[in-house]
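Survey of secondary and tertiary structure
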Amino acid sequence: MPDRSLDGFATRKLQALERRELRRSLAGTEKIDGRRVRSQGRELLSFAGNDYLGLSHRPEVVEASLAATRRYGTGAGASRLITGNHPLYAALEARLASLKDTEDAVVFGSGYLTNVGVIPLLAGEADLIVMDESCHSCLLAGAALSGAKVVHFNHNDPAAAAAVLAAERSRHRHCLLLTEGVFSMEGDLAPLPELGELAGRFDAWLMTDDAHGLGVVGDGRGSSFAFDEPVDLPVQMGTLSKAAGCYGGYICASHQVCELIRNRARSFGFSTGLPPGTVAAAAAALEIIATERDLVALPVARARSFAAALALKPAQSAIVPLVLGPAARAVEAGSALREAGFLVAAIRPPTVPAGTSRLRFAFSAEHSERDVRELTAAVRPILDGR
Ligand SMILES: *Cc1c(COP(=O)(O)O)cnc(C)c1O
């Protein structure tokens, strides 16, 4: 008799992951400050977080969170459509719209909730979604939920996107062209001017996920400002959980699009509003991002020195990947760096395609040039042995 129990099912699934070097485990990790963490009894210099500006520890941001929590309590208590829309949201959304130069903005519970709520609202069964093959899991989840026909194009290849659009566009009602602004596992910028031109030519709506662009590229305003001319982008998604150091997701768009989202996006209406402290902290963080140009320039500067010292491709964001191939190699390299005192993420499938497992280095304004030099020295042997 095969074992049909739930635990038996879970055990077999876990064993299969283990055989492929894909089992993950949660390590208790305590942040000491913007650059150091304590994990499994060791203090490590971390290049594994997305708190690119160290704002999760900035006194003004922490104070804003505490003051709002004292005043409004720890939880929103209901969906924003019912009673969870505490007064801090309007200021946060106004600040987002002003930073991105859009008419309006709407804040969700998280970036993941934003994508799974908005994509199915903008595309349905009669429609087409054309998306970069390296798009994040929550963009895939949103696309799958939409019921639209989904076609992927080669990473950052506008000619490939054009070929898909030429073949498919005329058979569908609306078309959503989806990309990340800064790719989370590659660290490169999407060719937004070219994709914008394609969107115009093929009557498609261009939407970016700029989770890793806000606070880092385009003077902190994100990837739509990282090119010579600002790119016309009708739907810009992002998160408050990375460079802003808080939590929550957002869409910056026209007033009509934001109003539609407030009315109809399910993960907006059927999920509780963010804790007031989080909303206040995010507004304080955005104020810093909008005004402190020198701070905002640091993560990319650090990533550039690291990439240059190791003769890797010039960094375009705070993220530098080092592709090693097999999952086991990435895990071994991550362990070797941990032995040397550095915390670096080893990224394996399904986050990246099989055979492209990698180390992902994420740089922060809190890292000094000396931190970067020490990391470089520890990474060199891995690079030489590749
Ligand atoms: C982190 C991330 C998200 C999800 O954002 P959360 O606010 O953490 O849920 C979405 N898209 C990309 C590209 C990301 O890297």
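See the structure printed just above.
Described in the following lines is the structure provided in the data block. (Residues numbered from 1 in each chain as written. Predicted model: local features only at pLDDT ≥ 70, side-chain atom pairs only at ≥ 80, totals over all residues. Heavy atoms only, no water.)

Another point: the layout of surface pockets. Empty space within the second largest pocket amounts to approximately 360 Å³. Contributing to the lining of the second largest pocket are 15 residues, with Glu 186, Asp 188, Lys 313, Pro 314 and Pro 321 lying nearest its centre. (1 Å grid on protein atoms, 1.4 Å probe; cavity = no way out; pocket = protein on both sides within 12 Å on 5 of 7 lines; lining within 4 Å. Points joined across faces, edges and corners; volume = space filled by probe spheres on them.)

Moving on, we get to helix H10 (residues 276-291). Along its 16 residues, H10 runs 23 Å from first to last C-alpha, staying within 8% of the 22 Å computed at 1.5 Å per residue. With 13 of its 16 residues buried, H10 lies for the most part within the structure. (Helix = DSSP H or I, 4+ residues; strand = E, 2+ residues; numbered from the N terminus. Expected span 1.5 Å × (residues − 1). Buried < 20%, exposed > 50% of the residue type's maximum accessible area, 1.4 Å probe, protein only.)

Quick look at the packing of aromatic side chains now. Inspection of every chain in the model, using the stated rule, returns five aromatic pairs. For the ring pair Phe 306 and Phe 361, a centre distance of 4.7 Å and an interplane angle of 50° mean the geometry is tilted. Within this pair, whereas Phe 306 is found in helix H11 (residues 293-309), its partner Phe 361 is found in strand E14 (residues 357-362), the two being separated by 55 residues in sequence. Neither residue differs from the other here; Phe 306 and Phe 361 are each classed as buried. Members of the aromatic cluster, joined through ring pairs, are Phe 47, Phe 306, Phe 342, Phe 361 and Phe 363. The ring of Tyr 89 carries Arg 80 above its face, with NZ or CZ at 3.6 Å from the centroid. When the ring centre of Phe 225 is taken as origin, the NZ or CZ atom of Arg 221, which lies over that ring, is 3.9 Å away. (Phe/Tyr/Trp six-rings, centres within 6.5 Å; stacked < 30°, edge-to-face > 60°. Lys NZ or Arg CZ within 6 Å of the ring centre and 35° of its normal.)

To continue, consider the environment of Ala 90. Take Ala 90: it is sitting in helix H3 (residues 88-100). It is 9.4 Å that separates the C-alpha atoms of Ala 90 and Ala 105, two residues lying 15 residues apart in sequence.

This paragraph deals with the environment of Leu 14. By secondary structure assignment, the location of Leu 14 is in helix H1 (residues 6-19). Spatially, the C-alpha atom of Leu 14 lies 9.5 Å from that of Arg 24, the residues being ten residues apart in sequence.

A negative phi holds for most residues other than glycine; trans holds for most peptide bonds. The omega angle of the peptide bond from Pro 349 to Pro 350 is 5°, so this bond is cis rather than trans. Topologically, Pro 350 is positioned in the loop between strand E13 (345-347) and E14. The backbone of Glu 21 sits at a positive phi, close to 60°, despite the residue not being glycine. As for its position among the elements, Glu 21 is in the loop between H1 and strand E1 (29-31). The backbone phi angle of Gln 40 is positive, close to 45°, even though this residue is not glycine. Considering the arrangement of structural elements, one finds Gln 40 in the loop between strand E2 (36-39) and strand E3 (42-46).

Neighbouring residues of the ligand: 13 residues in total, closest Gly 111, Asp 209, His 212, Thr 239 and Lys 242. Gly 111 is positioned with one of its backbone polar atoms (N or O) 2.7 Å from an oxygen atom of the ligand. In the complex, 88% of the free accessible area of the ligand, which totals 380 Å², lies under the protein chains. Tallied by class, residues from the shell around the ligand come to three nonpolar, seven polar and three charged. (Near = heavy atom within 4 Å. Polar contact = N/O pair within 3.5 Å; in protein donor to acceptor, adjacent residues only side chain to side chain. Areas by Shrake-Rupley, 256 points an atom, 1.4 Å probe, with all protein chains shown as cover. Nonpolar A, V, L, I, M, F, W, Y, C, P; charged D, E, K, R; others polar.)

Moving on, we get to the sheet that holds E1. Pairing is mixed in the open sheet, where four strands are placed in the order E1-E2-E3-E12. Across the chains shown, the open sheet's two edge strands, defined by having one partner strand only, are E1 and strand E12 (342-343). Pairing between E3 and E12: two bridges, direction parallel. In the sheet register, Leu 45 faces E12, and the bridge partner there is Phe 342. (Pairing = 2+ DSSP bridges.)

Now for the packing of H3 against H10. Two elements in contact, H3 and H10, have axes separated by 9 Å at closest approach and are oriented at 25°. The orientation of H3 with respect to H10, classified from their angle, is roughly parallel. Crossing handedness for the pair H3 and H10: left-handed. Of H10, the residues touching H3 (which contributes Leu 88, Tyr 89, Leu 92, Arg 95, Leu 96 and Leu 99) are Pro 276, Val 279, Ala 280, Ala 282, Ala 283, Ala 284, Leu 286, Glu 287, Ile 289 and Ala 290. Split by residue class, the contact of H3 with H10 holds 14 nonpolar, no polar and two charged. (Axes fitted to C-alpha atoms, helices over the stretch in contact; angles between N-to-C directions. Parallel < 35°, antiparallel > 145°, perpendicular 65-115°, else oblique. Left-handed = near helix turned anticlockwise from the far one by under 90°. Contact = heavy atoms within 4.5 Å.)

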